[in-house]
Amino acid sequence: VTRAHLDRIAAEDGALGAYLHVDGDAALARAAEVDASGTAGTGLAGIPVALKDVFVTEGVPTTSGSRILEGWRPPYSATVATRLRDAGTVMLGKTNMDEFAMGSSTENSAYTATRNPWDRDRIPGGSSGGSSTAVAGHLAPLALGTDTGGSIRQPAALTGLVGHKPTYGSVSRYGLIAFSSSLDQAGPMARTVLDAALLHEAIGGHDPRDSTSIDAPVPAVVEAARRGAGGDLAGLRVGVVRELGGEGAREGYEQGVLDRFAGAVALLEAAGAEVREVSCPSFGLALPAYYLIAPSEASSNLARFEGMRFGIRVGDDGGRDVDEVMALTREQGFGPEVKRRIILGTYALSAGYYDAYYGQAQKVRTLIGRDFSTAFDGGASGGVDVLVSPTSPTVAWPIGARVHDPLAMYAADLCTLPASLAGVPAISVPCGLSEGLPVGLQVMAPALADDRCYRVAAAVE
Ligand code: GLN
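Residues numbered from 1 in each chain as written. Predicted model: local features only at pLDDT ≥ 70, side-chain atom pairs only at ≥ 80, totals over all residues.

Within the protein chain, the regular secondary structure consists of 15 helices and 11 strands. What you see for the protein chain is a C-alpha radius of gyration of 21 Å, in line with the 23 Å of a compact globule of 461 residues. Over its C-alpha atoms, taken along the principal directions, the protein chain stretches across nearly 70 × 65 × 45 Å. Out of the 461 residues belonging to the protein chain, those deemed buried represent 57%. (Helix = DSSP H or I, 4+ residues; strand = E, 2+ residues; numbered from the N terminus. Rg over C-alpha atoms; globule rule 2.2 N^0.38 Å. Buried ≥ 20, exposed ≤ 12 C-beta atoms within 10 Å, placed from the backbone.)

Take a look at the structure:
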């Protein structure tokens, strides 16, 4: 199985650009080791997996898509990488991504653009676009991504995959190069709901090395995926978010996406679900709130990249002092989107502006969390079990179409940001094609009810 995927990578990845690093010999040696252990064929043993380059992997080059980390080989591995190895998987390589996971198209990678296997002139989504192309193009059966504001769900939607952002804190962030620590979460990308669930169970669960890790059992997502596959959702209460593709928001959504979404909702009803529209009035403010909170945290997290400890160092020729070397390294090591975020975040956190920007954004975040609680707990009108929306307002767009328009790029995250800000789980599952390109249905559930996402996704798959 490993060799078949390596052959396919050799044949196709020159054109697709899914991987930043592949070590075929290491993968084959590892596969032979699993074969010899006699566990091959049980669980995920012997199954190849691709990892987004945001996860540190001991001795294996890790860049987070940035020039500043070129050549760095981490001295340790992320908990999720260790858990996958313990499960007997074979790492095929590290996948391309927007630099430090900032972007929605993978065009912000310092190394290469990644192409969508459905139409090679289009983007594969982002920031986990290398992972989405690897799995959609059959260059890996499974991949790990990370989702801060949509980076698992949106690329999954745009390449016809299943992608799940777990409940914040339910999958370890140890060894995940931090972008926005209060939002970052690792999760599975796969071609079926059951595959995603198997990967999820292998990586989830408490980790004492992550201070925000939740000490709770992994939700029974594999069982939920199997149960949902029967297609019976009798009694399940589904809320269509009015502000996300419901009656309250039509602007910015492609008609083909709205049609496929309506088709998916009809399918849920046919499966016995009780569907109603639910209003979440603060969701419309998720975009500005996210684009203050995420850059603020990023400006702090990225301070560690100064050329002294990791990756490249620029201008250290004896004639410059340390501040000049740090400044030159950051100037040449970071790309334009990363610099934009650092500047935005530093401004939003600065004395005199903190209350006006960061403080306000945090208040909006609280209101979004309340919208979810109201929808799920219900009050007088009774709550819903899950909320649904399109995953992305559009299908995959042509490479280059949004690179000079950051706001158009940010608008791609319209539907995915509320669940990120509230920390609740959300899955994207394919729900048909529009003009030959995949459309995704997003299913959001209360914190720690990830199994509901899998059950509903399996029913419409
Ligand atoms: N597109 C969003 C951003 O650029 C989300 C990225 C992510 O989830 N890592 O910040």
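Structure shown, so let's carry the discussion forward.
Let's shift gears to the site of the ligand. Taken together, 13 residues lie near the ligand, and Ala101, Ser104, Thr148, Gly149 and Ser151 sit nearest. Of the residues that constitute the shell around the ligand, the class distribution is four nonpolar, seven polar and two charged. (Near = placed C-beta within 6 Å. Nonpolar A, V, L, I, M, F, W, Y, C, P; charged D, E, K, R; others polar.)

Next up on the list: the confidence of the model for the protein chain. Scored by pLDDT, the protein chain has a mean of 96; 99% of the residues are at 70 or more. Overall fold confidence (pTM) sits at 0.98, and the ipTM for the predicted complex is 0.98. (pLDDT = per-residue confidence, 0-100.)

With that settled, consider unusual backbone geometry. Residue Gly126 is joined to Ser127 through a cis peptide bond whose omega torsion reads 5 degrees. Among the secondary structure elements, Ser127 is positioned in the loop between β3 (90-95) and α4 (129-136). Here the phi dihedral of Ser64 falls at roughly 55 degrees; this positive angle occurs in a residue that is not glycine. When the 32 C-beta atoms within 10 Å are taken as the criterion, Ser64 is described as buried. With a phi angle near 70 degrees, Ala101 is a residue other than glycine that sits in the positive phi range. Here Ala101 is to be found in the loop between β3 and α4.

Strand pairing in a sheet is mediated by backbone hydrogen bonds. Such pairs are either parallel or antiparallel. A sheet is described by the order of its strands in space; here 11 strands give the open sequence β1-β3-β2-β4-β6-β5-β10-β11-β9-β7-β8, paired in mixed fashion. This sheet does not close on itself; its edge strands, each paired only once, are β1 (19-22) and β8 (274-278). Between one strand axis and the next, the sheet turns by 30 degrees as a mean value, whatever way the strands run. Sheet topology note: the strand β7 (residues 237-241)/β8 ladder contains five bridges and is parallel. Across the sheet, the residue bridging to Arg237 is Glu274, located in β8. Helix-sheet contacts for helix α6 (residues 193-203) involve β4 (142-147), β5 (162-165), β6 (185-190) and β10 (426-434), and the interaxial angle to β6 is about 145 degrees. Against the sheet, helix α15 (residues 450-460) touches β5, β9 (386-390), β10 and β11 (437-444), its axis set at about 15 degrees to β10. (Pairing = 2+ DSSP bridges. Axes fitted to C-alpha atoms, helices over the stretch in contact; angles between N-to-C directions. Contact = placed C-beta atoms within 7 Å.)

On to the pairing of β11, then. Within β11, eight of the eight residues are buried, which leaves it mostly tucked inside the rest of the structure. For β9 and β11, the ladder comprises four bridges, and the chain directions are antiparallel. Looking across to β11, one finds that Ser389 is bridged to Gln442. Where β10 and β11 come together, seven bridges link them in antiparallel fashion. Residue pairing across strands places Val429 opposite Leu441, the latter belonging to β11. Remark: two residues form the turn of the hairpin made by β10 and β11, two consecutive strands paired antiparallel; Glu435 in that turn has positive phi of roughly 50 degrees.

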